[in-house]
Amino acid sequence: MAQFIQQVINGLNVGSIYALIALGYTMVYGIVKLINFAHGDILMIGAYFGFFALATFNVPFGLALVVSMILCALVGMTIDRLAYKPLRNAPRISALITALGMSMLLQNLFRLLFGAQPRRMPAVIALKRIEIAPGIAISNLAIITILLSVGLMLLLEFIVKKTKTGKAMRAVSEDKSAAKLMGVNVDKTISITFAIGSALGAVGGLLYAINYYQVEPYMGMMPGLKAFVAAVLGGIGVIPGAMLGGFVIGLIETLTKGYVSTTWADAFVFGILIIVLIFKPAGILGKNTREKV
């Protein structure tokens, strides 16, 4: 039982990172109906920004996190303006292909700029293990990761439900044309959505790099795919669903590694995606909606 509880704690730690990335996916999809496959690479960019802030300029962790969020928000807005805005009225497949192309562009650009060799992230948080019970412990880094992810989800939920910007986001998500007629600046709202989603991706990237101690140009590929699975599992477009999906995927991955095999962990995660799409395409918290044709 102690081993199982320990694996659950480890799963929540990993799942909270996936949840942060999944929030970015679900934000963009909820507003633009676009699967932004370049979002996993925003994680990588955020990790690089955080790495240089910590290793080169020796800034405190909190400041490095804020700088990484701001810079990634600007990157996200730039990607939207250059790559996605011209395709607002194009078929969805065009935007999807563009997202895949943007992902490859960012990966290879950072490989060209910084090389393919992984860089070691400095240990900015002194790792301490807190023993909860015999055989069960949680690190201070895991506590910070989980609390930060839950706190940001609650903040995002507040922004979407209680602020003027959030009201504009919900209006654009419901009907872009009607929102425009009511005076909502649709392009500005979408740009803000990309900024918020990218800032969350930066937090996920920095936490991922600190937990695994390295930064490299392709580090966002697999976490980005797993976060996408988490968003679909929880109900893409639903903020609490993305959080729930992230924790579930983290638990599945960790329990599979602990009790089955490390080589089967990814297969189980993507197998879950197939099962969800077959039996509940809308996800755990998603609702089936009718679409007029």
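These numbers come from a predicted model, not from an experiment.

(A) Spotlight on the overall build of the protein. A count of helical and extended segments in the protein gives 11 helices and four strands. Expected size for 293 residues packed as a compact globule is a radius of gyration near 19 Å; at 19 Å, the protein falls within 12% of this value. Judged by the C-alpha coordinates and their principal axes, the protein covers about 60 × 45 × 35 Å. Here the protein holds 293 residues, and the buried ones make up 48% of them. Expressed as a percentage of contacts within the protein between residues at least 6 apart in sequence, the contacts between residues at least 24 apart total 75%. Carbon and sulfur atoms provide 67% of the accessible area of the protein, an area that totals close to 14500 Å². Of the charged side chains in the protein, 24 are positive and 11 negative; the average position of the first set lies 5 Å away from that of the second.

(B) Summary view of unusual backbone geometry. In this model, N58 sits at a positive phi of 55°, which is unusual for a non-glycine residue. Phi is positive for Y213, close to 65°, though the residue is something other than glycine. In this fold, Y213 is placed in the loop between α8 (186–212) and β4 (214–215). In this structure Y213 comes out as partly exposed when scored by relative accessible area, which is 27%.

(C) How the structure looks around the side chain of S16. Turning to its location among the elements, S16 is positioned in helix α1 (residues 2–32). The residues contacting S16, other than those within four sequence positions of it, are T145, I146, S149 and F247.

(D) Quick peek at the nonpolar core. Counting residues in each nonpolar core, the largest one holds 78 residues, and the members touching the most others are L23 and Y84. Top contributing element to this core by residue count: α1, with 13 residues.

(E) Main features of the pattern of salt bridges. Under the counting rule described, the total for this entry stands at seven salt bridges. Among the ionic pairs, D80 bridges to R88, the shortest N-O distance being 3.1 Å. As a salt-bridge pair, D187 and K85 come within 3.9 Å of each other at their nearest N and O atoms. Taken together, the residues span a long stretch of sequence, with D187 in helix α8 and K85 in the loop between α3 (61–84) and α4 (92–114) at a distance of 102 residues. D187 gets classed as partly exposed once you look at its relative accessible area, which sits at 34%. For K85, a relative accessible area of 30% puts it in the partly exposed group. Ionic contacts of the salt-bridge type, sharing partners, join the residues D80, K85, R88 and D187 into one network.

(F) Region of interest: the environment of N108. By the secondary structure assignment, N108 is in helix α4. The sequence separation of N108 and P217 amounts to 109 residues, and the corresponding C-alpha distance is 7.4 Å. Polar side-chain contacts of N108 include one of 2.8 Å to the backbone oxygen of M104.

(G) Local environment of the packing of α1 against helix α9 (residues 221–234). In contact at an axis separation of 8 Å, α1 and α9 are set at 70° when each is read in the N-to-C sense. With respect to α9, the element α1 is oriented roughly perpendicular. Residues Y18, I21, A22 and Y25 of α1 form the contact with α9, whose own contacting residues are P223, G224, L225, K226, A227, F228, A230 and A231. Class assignment for the residues of the contact of α1 with α9 results in 10 nonpolar, one polar and one charged.

(H) Quick peek at a positive patch on the surface. Taken together, the side chains of K162, K164, K167, R170 and K188 make up a positively charged region of the molecular surface. Among the elements that line the positive patch, the one with the most residues is helix α6 (residues 164–174), at three residues. Structurally, the position occupied by K164 is in helix α6.

(I) Region of the structure containing a nonpolar patch on the surface. On the surface, M1, F4, I5, Y259, V260, W264 and F268 cluster together to form a nonpolar patch covering roughly 760 Å² of accessible area. As for its position among the elements, I5 is in helix α1. Exposure remark for I5: the relative accessible area of 34% places this residue in the partly exposed category.

(J) Examining the packing of aromatic side chains more closely. In total, this model carries 10 aromatic pairs according to the counting rule given. Centroid distance Y48 to F110: 5.4 Å. Interplanar angle 50°. Geometry classified as tilted. A residue pair is termed long-range when its members are at least 10 positions apart, and Y48 in helix α2 (residues 39–55) and F110 in helix α4 qualify at 62 residues. As far as the burial class goes, Y48 and F110 line up, both buried. Measuring from ring centre to ring centre gives 4.6 Å for Y208 and Y212, while their planes differ by 40°; the resulting arrangement is tilted. One end of the pair is Y208 and the other is Y212, both in helix α8 and four residues apart, which spans about a single turn. A relative accessible area of 18% places Y208 in the buried class.

Rules used in this analysis
- Residues numbered from 1 in each chain as written.
- Predicted model: local features only at pLDDT ≥ 70, side-chain atom pairs only at ≥ 80, totals over all residues.
- Heavy atoms only, no water.
- Helix = DSSP H or I, 4+ residues; strand = E, 2+ residues; numbered from the N terminus.
- Rg over C-alpha atoms; globule rule 2.2 N^0.38 Å.
- Buried < 20%, exposed > 50% of the residue type's maximum accessible area, 1.4 Å probe, protein only.
- Contact = heavy atoms within 4.5 Å.
- Areas by Shrake-Rupley, 256 points an atom, 1.4 Å probe, with all protein chains shown as cover.
- Lys, Arg positive; Asp, Glu negative; His and termini not counted.
- Charge placed at Lys NZ, Arg CZ, Asp CG, Glu CD.
- Core = buried A, V, L, I, M, F, W, Y, C linked by side-chain atoms within 4.5 Å.
- Salt bridge = Lys/Arg side-chain N within 4 Å of Asp/Glu carboxyl O.
- Polar contact = N/O pair within 3.5 Å; in protein donor to acceptor, adjacent residues only side chain to side chain.
- Axes fitted to C-alpha atoms, helices over the stretch in contact; angles between N-to-C directions.
- Parallel < 35°, antiparallel > 145°, perpendicular 65-115°, else oblique.
- Nonpolar A, V, L, I, M, F, W, Y, C, P; charged D, E, K, R; others polar.
- Patch = residues over 30% accessible without salt bridge, like charges linked within 9 Å, V, L, I, M, F, W, Y side chains within 5 Å.
- Phe/Tyr/Trp six-rings, centres within 6.5 Å; stacked < 30°, edge-to-face > 60°.

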